[in-house]
Amino acid sequence: MRIRLRPAVAAVTTAVTAATCLTAVASPASAHPAPRACSPSARVTGYSDALDKTTFRGAYVGNLSALAVDTNGRLTALSDRSKLFTLDRHARPASVVSFADETGQQLDSEGLAIQRDGTRLITSETEPSVRRYDRRGRLLERLPVPGALQTHKVSNRTFEGLTLDDHGNTLIASMEGWLTTDGTDTRRIQTWRRGHRGDFRLGRQFAYMGDTGYGIAEIEAIGDGRLLVLERSFASSVGWTAHLYVADPRSATNVSGITGLANLASGVRFASKTLIARLEDCPPLGAPSKVEGQANPLLGNIEGMAITGLRRGGLHLTLVTDDGESTTEITRLYGLDVRLPRR
């Protein structure tokens, strides 16, 4: 099956070094590059804790909430403290850029997408909002956001995932949680379409049914109209868990003008979803964990995901955890090979 990837990810076909950064930094004590099965459709290829509790040019390398492949093929990591780290081929920081909102204040920055011209689209889950910055971190514009997503939001559960599709002409942001007018498992996903002048205008909005107790941590466009959706949860009995799906929104109802989605008998068509893997079923690979009760010590608070390589019939993903500057959480990079279901 041929996959069309968005332009920022297409750079990986000629700069695959970012995709192999996990094995490049692997040490016998901290990483196991040999692939291991998490499910019939996913295999973990390794992990690295090399970034954990480190600093770069005075900046704390942690609180990582998103990953994206830059136009030169390098991996860029977003900190939710308004910082962007570019990683080299060994997954070490090579540069850091700070940015701010219109008043010079930090954002609770959670989602990242990089355009063909190198500008960065970044979400904040406070308002929620989407802003565009240049490579130096200078604010260029703020995109429109539907009022309902701001009025009926659940605090700290808004724009967590961000991705570009359709050759960079469609921007997609996912709500981590529900709206107060919707059912608690319902997640809204908002799109923007690029206009003739290059600006993004509000597009369709569709609904996605999350697993009970899970929020959407990240989304990534596959390039054929479908999305990879990473759902994540924490429970004291098992610790962190995460489920990876392929979602297909192409026949989903446009719910932009629908206030409440609690009544599933309304005829609204949700995006379909197909399970790729429950990451808690991945082999732990001898990974350490400081989280009390963590059933699979390999897992943590996974918040970022990027397509960093191509595989026959599938993709290679790099994922990252957000340590929240906590002594019990770890900043960890993972590698995951996935096989995609047929459309």
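Residues numbered from 1 in each chain as written. Predicted model: local features only at pLDDT ≥ 70, side-chain atom pairs only at ≥ 80, totals over all residues. Heavy atoms only, no water.

Chemist: Account for the overall build of the protein, naming residues and giving values.
Modeler: Each helix and strand in the protein was counted, giving 3 helices and 23 strands. Within the protein, the fraction of its 343 residues that count as buried is 58%. Considering only residue pairs separated by 6 or more positions, the protein has 57% of its internal contacts joining residues 24 or more positions apart. Accessible surface for the protein amounts to roughly 13,600 Å². Of this, 49% is attributable to carbon and sulfur atoms. (Helix = DSSP H or I, 4+ residues; strand = E, 2+ residues; numbered from the N terminus. Buried < 20%, exposed > 50% of the residue type's maximum accessible area, 1.4 Å probe, protein only. Contact = heavy atoms within 4.5 Å. Areas by Shrake-Rupley, 256 points an atom, 1.4 Å probe, with all protein chains shown as cover.)

Chemist: So, the side chain of glutamate 125: which residues are in play, and what are the values?
Modeler: On the secondary structure map, glutamate 125 appears in the loop between strand E10 (120–124) and strand E11 (129–133). Apart from residues no more than four positions distant in its own chain, glutamate 125 is found in contact with Asp108, Glu110, Asn156, Arg157, Thr158, Phe159, Glu160 and Glu176.

Chemist: Give a description of the pairing of strand E2 (residues 42–48) that names residues and reports values.
Modeler: In terms of burial, E2 is largely enclosed, as 6 of its 7 residues are buried. Of the pairings in the sheet, the one linking strand E1 (residues 36–39) to E2 comprises 3 bridges and is antiparallel in character. Note that in E2 the partner of serine 39 across the bridge is alanine 42. (Pairing = 2+ DSSP bridges.)

Chemist: Requested: an account of the pattern of salt bridges, with residues and values cited.
Modeler: According to the stated counting rule, one finds 23 salt bridges in the structure shown. Between glutamate 127 and arginine 131 there is a salt bridge; the shortest N-O distance is 3.4 Å. Since its relative accessible area comes to 1%, arginine 131 is described here as buried. Two residues, arginine 193 and aspartate 166, come together in a salt bridge whose shortest N-O distance is 2.7 Å. Highlighted residues: arginine 193 in strand E15 (residues 186–194) and aspartate 166 in the loop between strand E13 (159–165) and strand E14 (170–175), separated in sequence by 27 residues. By relative accessible area, aspartate 166 is classed as partly exposed at 29%. Taken together, the shared-partner salt bridges in this structure form one network comprising Glu102, Glu127, Arg131 and Arg142. (Salt bridge = Lys/Arg side-chain N within 4 Å of Asp/Glu carboxyl O.)

Chemist: Talk me through the sheet that holds E11; I want residue IDs and the actual numbers.
Modeler: An order of E9-E10-E11-E12 is seen for the 4 strands of this open sheet, with the pairing classed as antiparallel. Every other strand in the sheet has two partners, leaving strand E9 (109–114) and strand E12 (139–142) as the edge strands with one partner each. When the angles between neighbouring strand axes are averaged without regard to direction, this sheet yields 25 degrees. Pairing of E9 with E10 involves 4 bridges; the strand directions are antiparallel. Bridge pairing in E10 links isoleucine 114 to arginine 120. (Axes fitted to C-alpha atoms, helices over the stretch in contact; angles between N-to-C directions.)

Chemist: Outline the sheet that holds strand E23 (residues 333–339), supporting the account with residue identities and numerical values.
Modeler: The 5 strands lie next to each other as E1-E2-E23-E22-E21, forming an open sheet whose pairing is antiparallel. The open sheet has two edge strands, E1 and strand E21 (302–311), and neither has a second partner. Across the sheet, the mean angle from the axis of one strand to that of its neighbour is 30 degrees, orientation sign disregarded. Here 6 bridges tie E2 to E23, and the two strands are oriented antiparallel to one another. Note on E23: the bridge partner recorded for glycine 46 is glycine 335.

Chemist: With reference to specific residues and values, describe the environment of asparagine 301.
Modeler: With respect to the secondary-structure elements, asparagine 301 resides in the loop between strand E20 (272–278) and E21. Residues asparagine 301 and alanine 217, spaced 84 residues apart in sequence, show a C-alpha to C-alpha distance of 9.2 Å. Those residues within four positions of asparagine 301 in sequence are excluded, and the remaining contacts are Arg232, Trp240, Val320, Thr321, Asp322 and Glu329.

Chemist: If you had to explain the state of the cysteines to someone new, which residues and values would you point to?
Modeler: What the rule picks out here adds up to 1 disulfide. Two residues share a disulfide in this structure: cysteine 38 and cysteine 282, whose sulfurs sit 2.0 Å from each other. Here the disulfide of cysteine 38 and cysteine 282 is right-handed, its torsion about the S-S bond being about 105 degrees. Within this pair, whereas cysteine 38 is found in strand E1, its partner cysteine 282 is found in the loop between E20 and E21, the two being separated by 244 residues in sequence. (Disulfide = S-S within 2.5 Å.)

Chemist: Could you give an account of unusual backbone geometry, with specific residues and numbers?
Modeler: Negative phi is the rule for most residues except glycine; trans is the rule for most peptide bonds. Residues glutamate 127 and proline 128 are joined by a peptide bond in cis, for which omega reads -5 degrees. Position of proline 128 relative to the elements: it lies in the loop between E10 and E11. Positioned with a positive phi, arginine 57 is a non-glycine residue whose angle comes to about 50 degrees. By the secondary structure assignment, arginine 57 is in the loop between strand E3 (54–56) and strand E4 (59–61). Its relative accessible area of 65% is what places arginine 57 among the exposed residues. Even without glycine at this site, alanine 91 takes up a positive phi of about 65 degrees. In this fold, alanine 91 is placed in the loop between strand E7 (83–87) and strand E8 (93–98).

By themselves these figures say nothing about function.
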